[in-house]
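Descriptive structure summary
Letter by letter, the chains look like this.
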Amino acid sequence: MLGMGSSENKSRQSRLAFLGTLASGLAHEIKNPLSAMSVNLQMLREDLEANATSRETRMLKRVGVLEREVVRLEEILDGFLRFARGYKLDPTRQSLNALLREVVEFWAAKAAAAGVDVQLVLEPDLPDVEIDANYVKQALLNLLNNAFDALTQRPAAEKSGREQILVCSRRGKSGVELLVIDNGPGISADARTHIFDPYFSTKAGGSGLGLPTARRIIEELGGTLTFDTELDRGTSFRIELKTAADPQPPSDAPPSPPPAGEPPR
Ligand SMILES: Nc1ncnc2c1ncn2[C@@H]1O[C@H](COP(=O)(O)OP(=O)(O)O)[C@@H](O)[C@H]1O
Ligand SMILES: [Mg+2]
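Residues numbered from 1 in each chain as written. Chains lettered and ligands numbered in written order. Predicted model: local features only at pLDDT ≥ 70, side-chain atom pairs only at ≥ 80, totals over all residues. Heavy atoms only, no water.

A few words now on the packing of helix α4 (residues 133-152) against helix α6 (residues 210-220). Relative orientation of the contacting elements α4 and α6 amounts to 145 degrees, with a least axis distance of 9 Å. Two packed elements cross with a definite hand, and for α4 against α6 that hand is left-handed. Contacts from Tyr-135, Val-136, Gln-138, Ala-139, Asn-142, Leu-143 and Asn-146 in α4 reach Gly-210, Leu-211, Thr-213, Ala-214, Ile-217 and Ile-218 in α6. A breakdown of the residues in the contact of α4 with α6 according to their chemical character gives eight nonpolar, five polar and no charged. (Axes fitted to C-alpha atoms, helices over the stretch in contact; angles between N-to-C directions. Helix = DSSP H or I, 4+ residues; strand = E, 2+ residues; numbered from the N terminus. Left-handed = near helix turned anticlockwise from the far one by under 90°. Contact = heavy atoms within 4.5 Å. Nonpolar A, V, L, I, M, F, W, Y, C, P; charged D, E, K, R; others polar.)

What follows is the structure, given as structure tokens:
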């Protein structure tokens, strides 16, 4: 940051680390009373359900609302703790193309069912990358799910009927690039500066953790995650990964099972 001395920078970093610890501690503390509430709501539900009068039926509705809110709070806390904890990455040499084939083939079925066409265009013979495949899959799924949401959550009148996602790999300036491109609505100028902020979301019920999580994973692997967007044309997210040192012939490693991306909504 311009004009920020390194000691100032350090104190800012340690302040942030302290706040992170404090917030994680708080989140943990909130979990216990929440699970007590959840258990008691369950017991209350069972009591009320036995030969419920009309008054008890009304009370059961309220219990249902409370139960859903408790679940929502638990999800928020879990998302926060996962994000705050950071990741223990275990990078190994991999073929990016093998990973893309595996994730996209399994994911494209869901997209196709919603009328979204998914194309995979891979540059052959790319050098291997040094990545933790499970985490990179999660980052990729977060980008794919966002592209999918952007294409499918538009008002029907704005849809072209040719909703498309293109996933490409190619040689980059200093490594291997992976692009996720959609022909959706694009990102408004206001939103552009916030999309990587934790909890920023323009979706009802959005976690706002998909992009910050993806960026954090890629940056911990020494890569970058950037984007380009144009209103009414679409958006492309670009991951750049360093190639593995000491190049060997590319290994098309056997696939491992796909991980879960963001929690389903
Ligand atoms: N491909 C995309 N097209 C349009 N907007 C996008 C796209 N990807 C992300 N966004 C915007 O970035 C916001 C943050 O994304 P994310 O962190 O994944 O959270 P969430 O998906 O839960 O909203 C989204 O709410 C959306 O406004
Ligand atoms: Mg998302």
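Now that the structure has been shown, we can carry on.
Let us now look at α6. When α6 is considered as a whole, its buried residues turn out to be Gly-210, Leu-211, Pro-212, Thr-213, Ala-214, Ile-217 and Ile-218. The secondary structure elements touched by the buried residues of α6 are α2 (54-85), α4, β6 (224-230) and β7 (234-242). (Buried < 20%, exposed > 50% of the residue type's maximum accessible area, 1.4 Å probe, protein only.)

As a further point, take the domain arrangement of the chain. When the parts come together, some accessible area is lost, and that loss is often what is quoted as the size of the interface. On domain assignment, one finds that the chain holds domain 1 (6-85) and domain 2 (92-242). Put simply, the middle of domain 1 and the middle of domain 2, counted by C-alpha atoms, are 30 Å apart. Contact residues are listed per partner, giving five residues for domain 1 and six residues for domain 2. Of the roughly 490 Å² buried between domain 1 and domain 2, counting both surfaces, carbon and sulfur atoms make up 62%. If you sort the residues of domain 1 by the area they bury against domain 2, Arg-72, Phe-80 and Phe-83 come out on top, with a joint share of 80%. On the surface where domain 1 and domain 2 come into contact, there are zero salt bridges. For the pair domain 1 and domain 2, the number of links is one residue pair in polar contact (both at pLDDT 80 or more). Residue composition of the side of domain 1 that touches domain 2, grouped by class: four nonpolar, one polar and no charged. (Domains from an automatic or database assignment. Buried area = accessible area lost by both parts, 1.4 Å probe. Salt bridge = Lys/Arg side-chain N within 4 Å of Asp/Glu carboxyl O. Polar contact = N/O pair within 3.5 Å; in protein donor to acceptor, adjacent residues only side chain to side chain.)

It is the contact of helix α3 (residues 96-113) with α4, at a shortest axis distance of 11 Å, that shows an interaxial angle of 35 degrees. Of the two possible hands of crossing, α3 and α4 adopt the one that is right-handed. Judged by residue contacts, Leu-99, Leu-100, Glu-102, Val-103, Val-104, Phe-106, Trp-107, Lys-110 and Ala-111 of α3 engage Ala-133, Val-136, Lys-137, Leu-140, Leu-141, Leu-144, Asn-145 and Phe-148 from α4. Class assignment for the residues of the contact of α3 with α4 results in 13 nonpolar, one polar and three charged.

A few words on the layout of surface pockets. Reported here for the largest pocket is a volume of approximately 640 Å³. Surrounding the largest pocket, 32 residues form its lining, Asn-146, Ala-150, Ile-187, Thr-202 and Lys-203 being those nearest its centre. Elements with a contribution of two residues or more to the lining of the largest pocket: α4, β5 (175-182), α6 and β7. Here the lining of the largest pocket is composed, by residue class, of 14 nonpolar, eleven polar and seven charged. (1 Å grid on protein atoms, 1.4 Å probe; cavity = no way out; pocket = protein on both sides within 12 Å on 5 of 7 lines; lining within 4 Å. Points joined across faces, edges and corners; volume = space filled by probe spheres on them.)

Once that is clear, we can look at the site of ligand 1. Around ligand 1, a shell composed of 21 residues is seen, among which Asn-146, Asp-182, Ser-201, Thr-202 and Lys-203 lie nearest. The side chain of Asp-182 places a nitrogen or oxygen atom 2.8 Å from a nitrogen atom of ligand 1. Here an oxygen atom of ligand 1 and a backbone polar atom of Leu-211 are 2.9 Å apart. Class assignment of the residues belonging to the shell around ligand 1 gives a composition of nine nonpolar, nine polar and three charged. (Near = heavy atom within 4 Å.)

Pairs of aromatic rings are described using the distance from one ring centre to the other and the angle between the two planes. Scanning the model with the defined rule gives four aromatic pairs in all. Measuring from centroid to centroid gives 6.0 Å for Phe-196 and Phe-227, while their planes differ by 50 degrees, and the two rings are tilted. Here the residue Phe-196 occupies a position in the loop between α5 (189-192) and α6, and Phe-227 occupies one in strand β6, the gap between them amounting to 31 residues. Accessibility expressed as a relative area gives 14% for Phe-196, which makes it buried. Taking NZ or CZ as reference, Lys-110 lies 4.7 Å from the ring centre of Phe-148, over its face. In this structure, Arg-216 is placed above the aromatic ring of Phe-83, and the distance from its NZ or CZ to the ring centre is 5.0 Å. (Phe/Tyr/Trp six-rings, centres within 6.5 Å; stacked < 30°, edge-to-face > 60°. Lys NZ or Arg CZ within 6 Å of the ring centre and 35° of its normal.)

Take the pattern of salt bridges next. Throughout the structure, instances matching the rule amount to 15 salt bridges. Between Arg-154 and Asp-232 there is a salt bridge whose closest N-O contact spans 3.9 Å. You can see Arg-154 sitting in the loop between α4 and β4 (164-171) and its partner Asp-232 sitting in the loop between β6 and β7, a full 78 residues away along the chain. The partner of Arg-238 in a salt bridge is Glu-177, and the shortest N-O contact between them spans 2.7 Å. Pair noted here: Arg-238 is in strand β7 and Glu-177 is in strand β5, with a separation of 61 residues, a long-range link. By relative accessible area, which is 4% here, Glu-177 ends up buried.

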